[in-house]
Amino acid sequence: MSVLASLKKPAVAVAAVALWVASVGFGMSVLWRYSNTPGHAATPLIDWPADAPVQLGKGRSTLVMFAHPNCPCSRASIGELAILMAQAPEKLDAHVFFYLPANESSAWARTDLWESARSIPGVQAIEDPGGAFALRFGAFTSGQTLLYNPRGRLVFHGGITAARGHSGDNNGRQAILALLQGGSPERNVTPVFGCSLRGE
Amino acid sequence: MPTAESYPILTLDPNTSDDITPRVRELVEEQQNRNYTHTSRLFTILMLVQWAAGIAAAIWISPRTWAGSTSQIHLHVWLALLLGGALTSLPVFLTITRPRDAFTRHTVAVCQMLMSALLIHLSGGRIETHFHVFGSLAFLAYYRDWRVLIPATIVVAVDHAARGVFFPQSVFGILTASPWRWLEHAAWVVFEDVILVKMCLQGVQEMWEIATRQASIESISLQLEDKVLKRTLELEHAKEAAEAANRAKSEFLANMSHEIRTPMNGVLGMTELALDTDLNAEQREYLFVAKSSADALLTVINDILDFSKIEAGMLDLNVADCQPRESIEETARTLALSAHQKGLELVCDIHSSVPDSVRCDEMRVRQILVNLVGNAVKFTEHGEVVISVEAKPRGDGTELHFAIRDTGIGISPEKQRTIFQAFTQADSSSTRRHGGTGLGLTISKRLVELMGGRIWVESELKRGSTFGFTIPIGVTANPSEPLVLDSESLRGISVLVVDDNATNRRLLAGWLSRWGMRPLLAESGPAAVKILESSAEPIPLVVTDVHMPRMDGFALVQYIKTHMRSATVVMLTSGSYSGDVARSRELGAEAYLIKPVRQKDLLQTIRRILAASPAFGQAATWRDSVRQLERTLHPRPAFGLRILVAEDNLNNQQVALSLLTKQGHSVVVVADGREAIEAVERESFDLVLMDIQMPDMDGFEATERIRAREKITNTRIPIVAMTAHAMTGDREKCLAAGMEAYISKPIRRAELIEVITRVTAKVKPVLTPDS
């Protein structure tokens, strides 16, 4: 009752409302910043490595995505990959490497994200025990996408979502589509939004 | 008495009432406040639910964030919890504490829209979540306050404008949205707003219309109540006036009663006294006519006063415990005299179902019986009058069914329909021939109805009539011991019943059979002789009527006592034939009973004469019979009492003085209550005859003072009220004042003697001329 009584004083009420507005504003800004803060950028291989676990596409571009099977933000990335594959299925081989800790069985990686990726036509889901392939390709963040042209040359790397967990138009998808259609995208590198693929 | 037509037609017009606008405004405000409160409560629930839903969605969609094989709770979960909590807490706090405030509504609007933004964000910008915005706006419209939509719309517009600039993909789903795309989204929101604003305005308009109607109804209702109040007051005044008129009428009737009875007392009393003096035949004839005329006049006055009392609704019933058998038999005996004088048989048949003790107004039942039996006797020249009574169930209770059947002139069907109406007799010539006011049946009908019963007549011209009536009876709180008729000793004894009246034979046979006796019936003296002579076994008991055609009872007794001395005889006769007793005694009859015979008396008499020894029984039985007869016909009057008469009217003083002196009493006369008290203090009296209405101090007060004094002296002098007041409750008032009995004026000598004898017998042994 004393709190309620004190709230009847205008100054206290105004202060309380101001505090509330500030806390809401702060919360909103945290949310905003988190959504728009990308993960660690990749240091990708410029050329397709000879010891790559998958074959480079013959006459087709090869897309490699590294994902954490439990990353909620990567759900949007898989969704964007599905759009890509739908828009240019004949020009692209896609492989999604799912991180699997070294001491875990394959079941650990068999999440809904795995199933989503596996169900996309033309996409191959592959386990990445201990994150070795991600390390090999220089990927740090879940959702990291690399596009190699048929000659094995890296033409794009980055994320294919505009923000953390946000589906929809994004620079990454537009750039890949442009490249697949023989065009030149404005950007070849985009920020990646997702969980870290490596323990910190 | 105001009638329905005398009142103006009730008119109510809301337009003529006071201005209802303030009330309308008040009602609208009340409704709006109810609406605000109700909607705020709904938002309290909604916001808590959507907060919980936001947390659940965050946990479902993005529970944890990962770094390799390690994870931690996702920031979205914390934001759903904390930011959602912040967005929920303030509006929920306000909706609970200040649900009707505009500030609350606007805060709810802003927070609801911010919650939409949060949910959209948590769901990853799913377009479906945008419907939360539209749903929230619709929900806000529940407030019926279109202004609430303004901040909500502004929040949406600002949010979209900001995101459109910095993060268009989060709200528009595309990267290349126009900088003005937010306007398109805002326009859709405004589109919904327009609909909702229209709905809000319409809702408020309806609120005003409903409030206006309600205020009008209230206004009409108030007018109505006001008019009803006025009418009620008018009716109360009218009722008071009617009651005052009724009281005046009551007082008028009381005074009338008093004023008529007082001179009547003088007329009747003096006439009776004059008749006791030495007169020549002519003088006696004149006085006898004068007395008869006064008697008739008194009957008329009593009828009219009774009728007036009933009409004025002033007749109250005095329901008390009573013994119906005794009361009915007593009434029948009273009426038997006039029946026997006309040579009619009066039979009283009380069924065994009639209880020994009931609750009813005994006096009024007797009055009805006297009216109906008196009429039956009056209109019957030959044959019989039979009173039948039995008890029958009625609903949860019981009622007594009375039937008075006669063999008189009968009533035509047309007259039967009007016979219970006032001042109507079956034949107007009857009034002239038989006398009476024609009010007897009307009074009886009203009395029966007043007691909750019904009355009817069945009749056939020249064959006779049967008047029936019912009286509901109550159960007595302290029922008297039932009369036990011990008839065991009579079982199997033959008895010959001789009576020319079939009803009497049937009645007597019924009683005798019930006692286990074997009745033989004979309708005449010769038939009885034939039975007696032809009987194989001697018949020990003969019950015979005295007055029969061809061979009367005396001849039969003479024959029996001559030819078969072993038979005992009980004679039944009317009390109107003097000399019957002596002749019966001379002829050797063992007992003698007055008709109509009471069941109890007959049984006791038979038991007594059969039990008596041949040597002494006859004498003893005769002594009992004669004593009983004497008591019935000529009760021994009190004698030699010292009586104080308190009476203010000189004529009445003279009447009382003469009547009492002639009875051998010594009398002291005083003129008012105060003198009566002084006389009682000064001298010793056996009885006080107290007039009620006297100057200076009335009889009630004088009696109360005498009774108060007696508490000290530990004595009690009998006081008999003697009043011309014969109105409702007078008897009760007298008894309540401490008097022993009540005599209404005009005082009849026989009644006065009976009352004095009865009252003084309770106090001290009554001296008789013999003693």
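A brief look at the structure comes next. None of the values given here were measured: they were computed from a predicted structure.

Right, let's get into the overall build of chain A. The number of helices and strands found in chain A is 6 helices and 5 strands. Counting from the amino terminus, helix and strand elements in chain A follow one another as α-α-β-α-β-α-β-α-β-β-α. For chain A, with 200 residues in total, the buried portion stands at 49%. The long-range share in chain A, meaning contacts at least 24 apart out of those at least 6 apart in sequence, stands at 77%. Of the accessible surface of chain A, which amounts to about 9000 Å², a share of 58% is contributed by carbon and sulfur atoms.

The next thing to look at is the overall build of chain B. Scanning chain B for helices and strands turns up 24 helices and 19 strands. Scored against the burial criterion, the 771 residues of chain B give a buried share of 48%. Once local pairs closer than 6 in sequence are excluded, the contacts in chain B between residues at least 24 apart make up 71%. For chain B, the accessible area works out to roughly 37800 Å², and carbon and sulfur atoms hold 57% of it.

Every contact between the two is made by 35 residues of chain B and, on the other side, 38 residues of chain A. Across the contact surface, chain B and chain A share 0 salt bridges. Taken together, the links from chain B to chain A amount to 8 residue pairs in polar contact (both at pLDDT 80 or more). Residue assignment for the side of chain B that touches chain A shows that the elements contributing at least two residues are β1 (64-67), α2 (75-97), α3 (102-122), α5 (149-166) and α6 (168-172) of chain B. In terms of residues, the side of chain B that touches chain A owes the most to one element, α2 of chain B, which gives 10 residues. Split by residue class, the side of chain B that touches chain A holds 19 nonpolar, 14 polar and 2 charged.

Our next topic: the pattern of salt bridges. Overall, the coordinates contain 40 salt bridges over all chains when judged by the stated rule. Asp112 of chain A serves as the salt-bridge partner of Arg75 of chain A, at 3.5 Å between the closest nitrogen and oxygen. Of this pair, Arg75 of chain A sits in helix α3 (residues 74-87) while Asp112 of chain A sits in helix α4 (residues 112-118), and the two are 37 residues apart along the sequence. The network of salt bridges with shared partners includes Arg23, Glu26, Glu30 and Glu218 of chain B.

All names here are of chain B. Viewed as axis vectors pointing N to C, helix α8 (residues 281-311) and helix α13 (residues 440-450) meet at an angle of 35°, and their least axial separation amounts to 10 Å. Crossing angle aside, the handedness with which α8 passes α13 is left-handed. Across from Asp303, Asp306, Phe307, Ile310 and Glu311 in α8, the residues of α13 making contact are Gly440, Thr442, Ile443, Arg446 and Leu447.

With that settled, the discussion passes to the packing of aromatic side chains. The geometry of an aromatic ring pair comes down to the distance between the two centres and the angle between the two planes. Residues and elements named next belong to chain B. Inspection of the entire model under this criterion finds 16 aromatic pairs over all chains. Note on Trp188 and Phe191: the rings are 6.0 Å apart at their centroids and 90° apart in plane angle, and the pair reads as edge-to-face. Of this pair, Trp188 and Phe191 both sit in helix α7 (residues 181-275), 3 residues apart, roughly one helical turn. Residue class for Trp188 comes out exposed when judged on its relative accessible area of 52%.

Another aspect to go through is the nonpolar core. With 47 residues, the main nonpolar core has Leu63, Phe66, Ile78, Leu81, Val96, Phe98 and Ile176 of chain A as its most contacted residues. If one sorts the elements of this core by residue count, strand β2 (residues 92-100) of chain A sits on top with 7 residues. When neighbours within four sequence positions are excluded, Phe98 of chain A is seen to be in contact with Ala67, His68, Pro69, Ile78, Leu113, Trp114, Ala117, Ala125, Ile126, Glu127 and Asp128 of chain A. Ile310, Leu369, Val373 and Val448 of chain B belong to the second-largest nonpolar core, a separate cluster that totals 45 residues.

A few words now on the side chain of Thr104 of chain B. Residue and element names in this part refer to chain B. Checked against the element boundaries, Thr104 lands in helix α3. Using a relative accessible area of 0% as the deciding quantity, one classes Thr104 as buried. In contact with Thr104, not counting residues within four places along its chain, are Ser40, Leu94, Thr95 and Arg98.

Residue and element names in this part refer to chain A. At a minimum axis distance of 11 Å, the contact between α3 and helix α6 (residues 171-180) shows a crossing angle of 20°. On the basis of their axis angle, the class for α3 and α6 is roughly parallel. For the pair α3 and α6, the crossing hand works out as right-handed. Judged by residue contacts, Glu80, Ile83, Leu84 and Gln87 of α3 engage Arg173, Ile176 and Leu177 from α6. Of the residues assigned to the contact of α3 with α6, the class counts are 4 nonpolar, 1 polar and 2 charged.

Our focus in this paragraph is α13 of chain B. Residue and element names in this part refer to chain B. Looking only at α13, the buried set comprises Gly440, Leu441, Thr442, Ile443, Ser444, Leu447 and Val448. Of the surrounding secondary structure, the elements contacted by the buried residues of α13 are α8, α10 (362-378), β8 (455-460) and β9 (464-473). One or two residues past the end of α13 sits Gly452, with phi positive at roughly 90°.

By the criterion of burial, strand β4 (residues 345-350) of chain B is predominantly enclosed, with 6 of the 6 residues buried. Burial along β4 of chain B is two-sided: Glu345, Val347 and Asp349 of chain B facing one way and Leu346, Cys348 and Ile350 of chain B facing the other are all buried.

All right, on to the environment of Leu335 of chain B then. Residues and elements named next belong to chain B. Examined against the element boundaries, Leu335 turns out to sit in helix α9 (residues 324-341). In sequence terms Leu335 and Leu346 are 11 residues apart; their C-alpha atoms lie 8.3 Å from each other. Excluding residues that lie within four positions of it along the chain, Leu335 makes contacts with Leu346, Leu369, Val370 and Val373.

Another aspect to go through is helix α2 (residues 10-36) of chain A. The terminal C-alpha atoms of α2 of chain A lie 38 Å apart, and with 27 residues this matches the ideal 39 Å at 1.5 Å per residue to within 8%. Of the surrounding secondary structure, the elements contacted by the buried residues of α2 of chain A are β1, α2 and α3 of chain B.

All right, on to the state of the cysteines then. Residues and elements named next belong to chain A. The full count for this structure, using the stated rule, is 0 disulfides over all chains. Cys195 supplies the cysteine sulfur nearest to Cys71, a cysteine that is in no disulfide, at a spacing of 3.0 Å. For Cys71, a relative accessible area of 1% puts it in the buried group.

Attention shifts here to the sheet that holds strand β15 (residues 642-646) of chain B. All names here are of chain B. Taken in spatial order, the 5 strands of this open sheet run β16-β15-β17-β18-β19, and their pairing is parallel. Strands at the two margins of the open sheet, each flanked by one partner only, are β16 (666-670) and β19 (741-744). Put simply, the sheet's adjacent strands are angled 20° from each other on average, direction ignored. On top of the sheet, helix α20 (residues 650-662) reaches β15, β16 and β17 (687-691); it is set at about 165° to β16, its chief contact. Against the sheet, helix α22 (residues 699-713) touches β17 and β18 (719-723), its axis set at about 150° to β17.

Rules used in this analysis
- Residues numbered from 1 in each chain as written.
- Chains lettered and ligands numbered in written order.
- Predicted model: local features only at pLDDT ≥ 70, side-chain atom pairs only at ≥ 80, totals over all residues.
- Heavy atoms only, no water.
- Helix = DSSP H or I, 4+ residues; strand = E, 2+ residues; numbered from the N terminus.
- Buried < 20%, exposed > 50% of the residue type's maximum accessible area, 1.4 Å probe, protein only.
- Contact = heavy atoms within 4.5 Å.
- Areas by Shrake-Rupley, 256 points an atom, 1.4 Å probe, with all protein chains shown as cover.
- Salt bridge = Lys/Arg side-chain N within 4 Å of Asp/Glu carboxyl O.
- Polar contact = N/O pair within 3.5 Å; in protein donor to acceptor, adjacent residues only side chain to side chain.
- Nonpolar A, V, L, I, M, F, W, Y, C, P; charged D, E, K, R; others polar.
- Axes fitted to C-alpha atoms, helices over the stretch in contact; angles between N-to-C directions.
- Left-handed = near helix turned anticlockwise from the far one by under 90°.
- Phe/Tyr/Trp six-rings, centres within 6.5 Å; stacked < 30°, edge-to-face > 60°.
- Core = buried A, V, L, I, M, F, W, Y, C linked by side-chain atoms within 4.5 Å.
- Parallel < 35°, antiparallel > 145°, perpendicular 65-115°, else oblique.
- Expected span 1.5 Å × (residues − 1).
- Disulfide = S-S within 2.5 Å.
- Pairing = 2+ DSSP bridges.

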